Structure formats: C-alpha cells, structure tokens
Amino acid sequence: MSSEAKDAPAPKRVRTAAPARKTKPTRSSFAIGNVKVRPGHTREIGLPITKLVTGSEISLPVRVVHGRHDGPVVWINAAIHGDEVVGVEVIRRVLATLNPKTFRGTLLAVPTVNVHGFMAGERYLPDRRDLNRSFPGSARGSLAGRVANLMMREVVDKCEVGIDLHTGSDRRTNLPQIRADLDDPRTRALAEAFGAPVMLHAKLRDGSLRAAARESGATVLLFEAGEAMRFDQWAIEAGVAGVLRVLAALDMIDATTTTSAAATAAAAAASGAGTLTLPAPPPGLVSRRSGWVRARRTGIVHLDATLGQRVEVGDRLGGLSNSFGRTLRLVKAERAGVIIGRTTAPLVNRGDALVHIAEIEGAEPPGIPDSPAASDGFNALDQIQVL
C-alpha cells in the first residue's frame, strides 16, 4: 500500500434519514363505566342496571364511537319507551355509516334505554312507571329512577348535544317531526339541520330526559316518527338522514345533500368512509300550537285523514259509526294546519284523541297572503309527503 493511500482521509459515513413515524392521535381515551376507548376505535359496553330473578344481569347497552380527531361529544338514544322500535333501527343504520378513523368527536349510542320494556314489548317498566317521567333519577330510587340516574351519569352528563328518538304511542302514528325549544338559537339551528318536515316548539315536561338534559346544560332534540312496534321505513329513513345531517352540522362527519329520489341516508356509506350523500331535507315548517281532534261519540272510527295532509277548519277527516254502519258523527278539523299525528285504533271512546293538527307559523288561510314570507310558508304545506 502506498504512503498516499495511508494518508488519505477515511470516507465520511452518510446517515440515511430515519423513516417517518406515524403520528399518534393526540386525543385522550374516552372513559365510560370501567373501560376506556382509544381514539379511532369503537367499542360496545354494557353498564350494569340490575339482575333478573334468575340471576342474569341486565345492562344498559352503549356503543362508543371515539373519533381519532377532536370534536363534540354527542349522544343518541332510543326506546326510552320499550315498544318504540323505530329509533333502534335508526341507530343501527347510523352506526353502520360511521368510521372512527375519520370521525371527529365522540358519539355515545344507546339503542335501548328501557331494556326491560324492550324485551317485553311494553312501553313501561315492570312496575308500570314511565321512564320518561323519571329523570334525572336516583341511584337508590325505584327501578325507573336507577335507570334514569345511570343514563344521566354515564351518558348525558358527558355530552353537549343529544338526540332522543321516539314514535307515536297508544296506537298512534306520527309524521316525522322535531320537538324542541325553538327559542334557543343553537337548538333551533340543529333542529333546522335535522330537516324534519315539521319543527314543533315544545315545552319541557318534568321528569323527561329532555328536561333533565337541558338542566345539565345539553342541547336536546326530540324526534317523533312512526308507530310503536312497527318498522315504518319512511320514519326510519327520515330519522337516519336527520341524525346524519346533525352530525354533519356539528362537523363530526363530511356530507353533501342531493335531491335525487334514489338517494338514501346510507348512500355512499357502505364502507363507512368518504363523504356521505344525504337526501335534501323537506321544507322545515314551524309550529308553536297544536291540538288533537277528539271523538265526540263512542264508536268505530273511519279516518280519511293522512299524515302530512294540509287541512282547513271544518274539513272532513272521517266519521264515527256504530257496528251496523250507521253514521253517528262526522270528524272535522277544528283548526287549520298540517296533520302530524293520528290514531290507528278503529274502536274509540268519547274523548279519545283522533287527529293531531299543528298550526303552521307564517301560513295564511286560502286567498291572497298578507306578505311574501307568509306565501312561502303557505306553499310549503303542499310540499310535505303525505303518508
């Protein structure tokens, strides 16, 4: 080896750049019950309620969708009344569209709050208490009080927005509608985002989930649609689309709307990824007053009235007859508006509720409207799908 070679400087080592590490989510895990859900994951848990006489445990089912990215914490629940099954299917379809990897925020889904009633197909709990008159409940109270307390403590108190899903009760069916405090700006904005055919300004009822949740600082929408113990597809589709529109309004998911008749709430969502395509909402009519037309006689009712139908004072809605078919009394509209509920029971007693009519804000009687705004509201009545 030459002296020149010995004196030559050693070649410098070139360091290759280390492969980029995947950035981990900065969100914390979500704690509920005795478990923690990591960001970007979904988990189903059961919050213990009580035990049956057989010793089997009854739990409140909750699915947590804890998104990888920051966002609001929202809950959605159904079956506070055990026979109201439409909301259970709404939640199933909504969850099928969500991907925790791209979801922003956290969703707590409780498909059956009244587990006892749901298993028995009954509206109430075994002690005949109405769970939706038992909030906020008590950890040492009745069964209804304990379920209500558990729901408040583990779900509602962790959230800032909630959607409470219901159907008609006692053999009644309802047009899809939002009931909420429309005087509260944020509640009004989310009600409009939901996109139900009618938004009804509804007072809070003592003991209801909505009243207790509002007291705790949450913004709450109550959705009514369909009939108990039935999967009315039109009610389910309206609920799914509405819930997803609210999630989009809260920037928890990406969604666009379309007027295509073929579009459904689950469109473009089979894989739970990408931008959802939702049906455009119908005209949002506002009502601050509503009332039931009641039976003036006992008999068999034959209703011609349909959900979403526009009526004027004196319009014939049906008739009451005896078992031989003799007409006893006509059923007529006692106010102008749109039909948002009706009975499905053929046999009625005097005083029973038959048809629920909501007066529409801004709609004028037939003739020339007083203002362009009133004209818009008046015309919108004709755009509601009649069911």
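See the structure above.
Residues numbered from 1 in each chain as written. Predicted model: local features only at pLDDT ≥ 70, side-chain atom pairs only at ≥ 80, totals over all residues. Heavy atoms only, no water.

A. Summary view of the sheet that holds strand E20 (residues 347-348). Here 4 strands make up an open sheet; going across it, the order is E18-E17-E15-E20 and the pairing antiparallel. The open sheet has two edge strands with one neighbour each: strand E18 (327-332) and E20. Note that strand E17 (residues 316-321) and E18 share 5 bridges and pair antiparallel. Bridge pairing links Gly318 to Val331 in E18. (Pairing = 2+ DSSP bridges. Helix = DSSP H or I, 4+ residues; strand = E, 2+ residues; numbered from the N terminus.)

B. How the structure looks around a positive patch on the surface. Together, Arg297, Arg316, Arg326, Arg329, Lys332 and Arg350 make up a region of like positive charge exposed at the surface. Checked against the element boundaries, Arg329 lands in strand E18. (Patch = residues over 30% accessible without salt bridge, like charges linked within 9 Å, V, L, I, M, F, W, Y side chains within 5 Å. Areas by Shrake-Rupley, 256 points an atom, 1.4 Å probe, with all protein chains shown as cover. Salt bridge = Lys/Arg side-chain N within 4 Å of Asp/Glu carboxyl O. Lys, Arg positive; Asp, Glu negative; His and termini not counted. Charge placed at Lys NZ, Arg CZ, Asp CG, Glu CD.)

C. Main features of the packing of aromatic side chains. In this structure the tally under the stated criterion is 1 aromatic pair. Taking 5.0 Å as the distance between ring centres and 35° as the angle between the ring planes, the aromatic pair formed by Phe194 and Phe223 counts as tilted. In this pair, Phe194 sits in helix H5 (residues 185-194) while Phe223 sits in strand E10 (residues 219-227), placing the two residues 29 residues apart along the sequence. The same class applies to Phe194 and to Phe223, which are both buried. Residue placement shows Arg172 over the ring face of Trp292; its charged tip is 4.6 Å from the ring centre. (Phe/Tyr/Trp six-rings, centres within 6.5 Å; stacked < 30°, edge-to-face > 60°. Buried < 20%, exposed > 50% of the residue type's maximum accessible area, 1.4 Å probe, protein only. Lys NZ or Arg CZ within 6 Å of the ring centre and 35° of its normal.)

D. Broad picture of the packing of H5 against helix H7 (residues 233-249). Remark: H5 packs on H7, axes separated minimally by 7 Å, with the N-to-C direction vectors making an angle of 130°. Overall, the two elements H5 and H7 adopt an arrangement that is oblique. Like other packed secondary-structure pairs, H5 and H7 cross with a definite hand, here right-handed. Contacts between H5 and H7 involve Leu190, Ala193 and Phe194 from the first element and Ala238, Gly239, Gly242, Val243, Arg245, Val246 and Ala249 from the second. (Axes fitted to C-alpha atoms, helices over the stretch in contact; angles between N-to-C directions. Parallel < 35°, antiparallel > 145°, perpendicular 65-115°, else oblique. Left-handed = near helix turned anticlockwise from the far one by under 90°. Contact = heavy atoms within 4.5 Å.)

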